[in-house]
Amino acid sequence: MPLPELTSEEYQRYGRHLLLPEVGLEGQRRLKGARVLMVGAGGLGSPIGLYLAAAGVGHLGLVEFDTVDRSNLQRQVLHGTKDVGRPKLASAIDRLRDVNPNVRVEGHEVRLDRSNALELVKAHDLVVDGTDNFATRYLTNDACVLAGKPNVYGSIFRFEGQASVFCTADGPCYRCLYPEPPPPGMVPSCAEGGVLGVLPGLVGTIQATEVLKLLLGAGEGLAGRLLLVDALSMSFRTVKVRKDPRCPACGTREIRELVDYDQFCGVPHAAAASTAAPVAEILPAELQARLAAGDRIDLVDVREPPELELACLEGARSVPLSGFEAAIAGFPRDRDIVLFCKMGGRSAKAARALQAAGYTRVWSLAGGILRWSEDVDPGVPQY
Ligand SMILES: [Zn+2]
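Parameters and conventions
- Residues numbered from 1 in each chain as written.
- Predicted model: local features only at pLDDT ≥ 70, side-chain atom pairs only at ≥ 80, totals over all residues.
- Heavy atoms only, no water.
- Helix = DSSP H or I, 4+ residues; strand = E, 2+ residues; numbered from the N terminus.
- Pairing = 2+ DSSP bridges.
- Axes fitted to C-alpha atoms, helices over the stretch in contact; angles between N-to-C directions.
- Contact = heavy atoms within 4.5 Å.
- Right-handed = clockwise from strand over helix to strand, strands pointing away.
- Donors = N, O, S within 2.8 Å, 3.2 Å for Na, K, Ca; no water.
- Buried < 20%, exposed > 50% of the residue type's maximum accessible area, 1.4 Å probe, protein only.
- Core = buried A, V, L, I, M, F, W, Y, C linked by side-chain atoms within 4.5 Å.
- Patch = residues over 30% accessible without salt bridge, like charges linked within 9 Å, V, L, I, M, F, W, Y side chains within 5 Å.
- Areas by Shrake-Rupley, 256 points an atom, 1.4 Å probe, with all protein chains shown as cover.
- Salt bridge = Lys/Arg side-chain N within 4 Å of Asp/Glu carboxyl O.
- Left-handed = near helix turned anticlockwise from the far one by under 90°.
- Nonpolar A, V, L, I, M, F, W, Y, C, P; charged D, E, K, R; others polar.

**Topic: unusual backbone geometry**
So, step 1. With a phi angle near 45°, Met234 is a residue other than glycine that sits in the positive phi range.
So, step 2. Inspection of the secondary structure puts Met234 in the loop between β7 (225-230) and β8 (235-240).

**Describing the sheet that holds strand β4 (residues 126-129)**
Pairing between sheet strands relies on hydrogen bonds along the backbone, with the strands arranged either parallel or antiparallel.
So, step 1. The mixed open sheet is built from 8 strands, whose spatial order is β3-β2-β1-β4-β5-β6-β7-β8. Here the strands that pair on one side only, and so sit at the sheet edges, are β3 (104-108) and β8. Each neighbouring strand pair of the sheet contributes to a mean axis angle of 15°, computed without reference to strand direction.
So, step 2. Helix α4 (residues 45-55) rests against β1 (35-39), β2 (59-63) and β4 of the sheet, and its axis sits at about 160° to β1.
So, step 3. Docked against the sheet, helix α5 (residues 88-99) engages β2 and β3, running at close to 175° with respect to β3.

**Quick word on the pairing of β3**
So, step 1. Of the pairings in the sheet, the one linking β2 to β3 comprises 5 bridges and is parallel in character. Looking at the pairing, His59 lines up with Arg104 of β3.
So, step 2. Since β2 and β3 lie parallel, the crossover through α5 that links them has a hand, and here it is right-handed.

**Considerations on the coordination of the zinc ion**
So, step 1. All of the protein donors around the zinc ion are Cys173 (SG), Cys176 (SG), Cys247 (SG) and Cys250 (SG); their distances to the metal are 2.3 Å.
So, step 2. For the zinc ion, the single-chain donor residues occur in sequence as C-x2-C-x70-C-x2-C. Cys176 matches Cys173 in its accessibility class, with the two residues each being buried.

**A closer look at the pairing of β8**
So, step 1. Here β7 runs beside β8; their pairing, made up of 6 bridges, is antiparallel. Bridge assignment links Leu228 to a residue of β8, and that residue is Arg237.
So, step 2. In this antiparallel pair of consecutive strands, β7 and β8, the connection spans 4 residues, and Met234 shows a positive phi of 45°.

**Overview of the environment of Gly344**
So, step 1. For Gly344, the position within the fold is in the loop between β12 (336-340) and α16 (345-356).
So, step 2. Note on Gly344: relative accessible area 10%, which makes it buried.
So, step 3. Along the sequence, Gly344 and Leu215 sit 129 residues apart, while their C-alpha atoms lie 43 Å from each other.
So, step 4. Not counting chain neighbours up to four residues away, the residues in contact with Gly344 comprise Ser364, Leu365, Gly367 and Gly368.

**A look at the nonpolar core**
So, step 1. Grouped together as the largest cluster of nonpolar side chains are 42 residues, with contacts concentrated most on Val36, Leu52 and Leu60.
So, step 2. In terms of residues, this core owes the most to one element, helix α10 (residues 199-216), which gives 8 residues.
So, step 3. For Val36, the contacting residues outside a window of four places in its chain are Leu52, Val57, His59, Leu60, Gly61, His124, Leu126, Val128, Val211 and Leu215.
So, step 4. The next biggest cluster of nonpolar side chains, apart from the first, holds 30 residues, and it includes Val121, Leu139, Tyr153 and Cys176.

**Describing a nonpolar patch on the surface**
So, step 1. The grouping of Phe159, Leu196, Val198 and Leu232 at the surface amounts to a nonpolar patch, some 380 Å² of accessible area in total.
So, step 2. Summarising the element assignment, Phe159 is placed in the loop between β5 (151-157) and β6 (160-166).

**Side note on the packing of α4 against α5**
The packing of two helices is summarised by the inter-axis angle and the distance between the axes.
So, step 1. Where α4 meets α5, the closest approach of the two axes is 9 Å, and the angle between their N-to-C directions is 30°. You can see that α4 and α5 cross each other, and the crossing is right-handed. Side by side, α4 and α5 meet where Gly49, Leu50, Ala53 and Ala54 of the first sit next to Arg95, Leu96 and Val99 of the second.

**Focus on the pattern of salt bridges**
So, step 1. Tallied over the full model, the rule gives 19 salt bridges.
So, step 2. For Asp83, the salt bridge goes to Lys82, with nearest N and O atoms at 3.5 Å.
So, step 3. Owing to a relative accessible area of 72%, Lys82 belongs among the exposed residues under this scheme.
So, step 4. The closest approach of N and O atoms between Asp336 and Arg290, which form a salt bridge, is 2.9 Å. On the criterion of sequence distance, the pair formed by Asp336 in strand β12 and Arg290 in helix α13 (residues 284-292) is long-range, its members being 46 residues apart.

**Structural notes on the packing of α4 against α10**
So, step 1. As a packed pair, α4 and α10 sit with axes 8 Å apart at the nearest point and diverge in direction by 40°. At the point where α4 passes α10, the crossing takes the right-handed sense. In contact with Pro47, Ile48, Tyr51, Leu52 and Ala55 of α4, α10 contributes Pro200, Gly201, Gly204, Thr205, Gln207, Ala208, Val211 and Leu212.
So, step 2. Tallied by class, residues from the contact of α4 with α10 come to 9 nonpolar, 4 polar and no charged.

**A few points about the sheet that holds strand β9 (residues 281-282)**
So, step 1. Read from one edge to the other, the open sheet built from 5 strands follows the order β9-β13-β12-β10-β11, with strand pairing classed as parallel. The open sheet has two edge strands with one neighbour each: β9 and β11 (317-318).
So, step 2. For β12 and strand β13 (residues 362-365), the ladder comprises 3 bridges, and the chain directions are parallel. The partner of Ile337 across the bridge, within β13, is Val362.

**Regarding the side chain of Gln207**
So, step 1. Within the secondary structure, Gln207 is located in helix α10.
So, step 2. Setting aside residues no more than four positions away along its own chain, Gln207 makes contact with Leu44, Ile48, Val128, Asp129, Val152, Tyr153 and Gly154.

**Observations regarding the environment of Arg70**
So, step 1. With respect to the element layout, Arg70 can be found in the loop between β2 and α5.
So, step 2. Accessibility expressed as a relative area gives 55% for Arg70, which makes it exposed.
So, step 3. In this structure, the C-alpha to C-alpha distance between Arg70 and Val279, residues 209 residues apart in sequence, is 31 Å.

Everything listed here is a matter of coordinates, which is why it stays silent on function.
Laid out in structure tokens, this is it:
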């Protein structure tokens, strides 16, 4: 396919690129002819989308099904306050078209899964992964290996980030680095652990840089290296990642089709629900009624210290999950114990630990403090 020509408007727009020997007219035409699949229009997807659109990547496929929430705005700079409540896809497309109307942004309002991933990946030159969960990360990786397309990876947590390029012709893939996902609940999400707002800006910008280098064939890419970013110490270092001949995706090639990643990664609603011990839940309204009736309940907040000053429930004592095991012996056996956290995940984990220690009168507050605020007391701030 011949490379597309630039219009006179594009000569002006991309003038600073055209001056670079590594880009030049041919490189800019190459960017215009490129098709990039962006998975996610959130924290990482924001700088990725903004910079790829501004740089003149001709076709951006965008996979996103979420809605803009107020808590996104601290880092997801694609979206604005006026977009709260809108589909992220619509909000992102509006913004990217404003940045550069020459770019065709094609939206896919779906959750990437085994039924659609391969087809979407095959229709693009490369994939840039801006997701925040293991199921989609492994899925994206495997689809890229099967389709033979590079996968520009990034991830973030608190003040730390990672980036690499996987699935190039000779390079390793994500499974070469992490053959197995961590057990469910082992790695807290950013919604639980927090993240510095600029961190996805930093890591997503690195991903966008790698995308442009791949498309231009310029410089030395991150394939075979994992970049580790620590924003607190402001240090950047790279470690070698080798292609693993035993990797089931790119080594032995025993993965010939996409699997059920919810099962593989132990996503709570699928695998964990059937394998982990069930935990009894109590609804906020029910708990409120029992407390109002004067029931003697040991109400325990398992959130970590910084969260305690944001919102709390009256009468609760604090036993952070990080020190929970050591505190188990001190729990009463002669009354009901109700555990809560922000959303219900950590309190379920704590409830399982008590059950394993022989406690039977244990409940986890369904939906945590957020649902308490919704159902019972809007005076409790949501964070
Ligand atoms: Zn591999």
